[in-house]
Amino acid sequence: MAEVYIFGQILSAEKFREPNLFCRWNIQAGSLWKFIEGESEGQTATDCNIVDNVSYFAHPIDLHLATRGIQGWPKVSIEVFSVNALKQFYPVAIGFTYIPTKPGFHQLKIATWRIAPQTFFDSIKEKFYTGGFTIVKKDLIHTGIERYKISTISSGTVNLELNIVFKNFRKYNIVFD
């Protein structure tokens, strides 16, 4: 089987209006892919972004995958949360990006979005009570099948640095155009 090694880090989150951010992340792949080694999901530490509007995480990612084809190419899904003074956390943004299809070093920026409040009461509730709304069906984030039904607002960006190493792609005739 062809293999992909992914290692790097979730560097930071920037341009979010909320302080005290952390990220939950996972890497998803199709049925032709097998996770060999490493963690395919995790959570960063919390960082306060009051001074320069950037939360720094430097959270490591180290993963080894095997595949029989390029269908279902892996993607990184990110959920950004904020922690309030009462140590309660709430979602503030969601986003995803595909793992690059070229080996080497890559700097990625994941543009995130959040669910828009539908009524005035929802906006007050979001501002003072719960923070934000979340998605029950997490597959809506990256499949796009019914995502068009959701009203969203742009949020900040999450920065990643990834190194990608391919092994045996030519041997198994897996090629990119």
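Residues numbered from 1 in each chain as written. Predicted model: local features only at pLDDT ≥ 70, side-chain atom pairs only at ≥ 80, totals over all residues. Heavy atoms only, no water.

In this section: the overall build of the protein chain. A tally of regular secondary structure across the protein chain gives 2 helices and 9 strands. Along the protein chain, helices (α) and strands (β) appear in the sequence β-β-β-β-β-β-β-β-α-α-β when read from the amino end. Put simply, the protein chain has 177 residues, and 42% of those count as buried. Counted over contacts in the protein chain with a minimum sequence separation of 6, partners at least 24 positions apart contribute 75%. Summed over all atoms, the accessible surface of the protein chain reaches about 10,200 Å², with 54% contributed by carbon and sulfur. (Helix = DSSP H or I, 4+ residues; strand = E, 2+ residues; numbered from the N terminus. Buried < 20%, exposed > 50% of the residue type's maximum accessible area, 1.4 Å probe, protein only. Contact = heavy atoms within 4.5 Å. Areas by Shrake-Rupley, 256 points an atom, 1.4 Å probe, with all protein chains shown as cover.)

Here we come to the pattern of salt bridges. For the structure shown, the criterion picks out 2 salt bridges. Glu14 serves as the salt-bridge partner of Lys109, at 3.0 Å between the closest nitrogen and oxygen. Here Lys109, found in strand β8 (residues 104-115), pairs with Glu14, found in strand β1 (residues 2-14); they are 95 residues apart in sequence, far enough to count as distant. What makes Glu14 buried here is its relative accessible area of 18%. Arg17 serves as the salt-bridge partner of Glu18, at 3.1 Å between the closest nitrogen and oxygen. When its relative accessible area of 56% is taken as the criterion, Arg17 is described as exposed. (Salt bridge = Lys/Arg side-chain N within 4 Å of Asp/Glu carboxyl O.)

A few words now on the side chain of Thr97. By the element assignment, Thr97 lies in strand β7 (residues 89-98). In contact with Thr97, not counting residues within four places along its chain, are Lys75, Val76, Leu108 and Ile110.

Moving on to the environment of Gln71. Secondary-structure assignment places Gln71 in the loop between β5 (54-67) and β6 (75-83). On the accessibility criterion, Gln71 (53% relative accessible area) is exposed.

Okay, the packing of aromatic side chains next. Per the stated rule, a full pass over the model turns up 7 aromatic pairs. Aromatic pair Phe22 and Phe81: ring centres 5.3 Å apart, planes at 10°, arrangement stacked. With Phe22 in strand β2 (residues 21-28) and Phe81 in strand β6, this residue pair connects regions lying 59 residues apart in the sequence. For the residue pair Phe22 and Phe81, the accessibility class agrees, reading buried in each case. With a centroid separation of 5.7 Å and 80° between ring planes, the pair formed by Phe81 and Phe89 is classed as edge-to-face. The class for Phe89 is partly exposed, based on a relative accessible area of 46%. (Phe/Tyr/Trp six-rings, centres within 6.5 Å; stacked < 30°, edge-to-face > 60°.)

Spatial relationships are all this shows, so hold off on functional conclusions.
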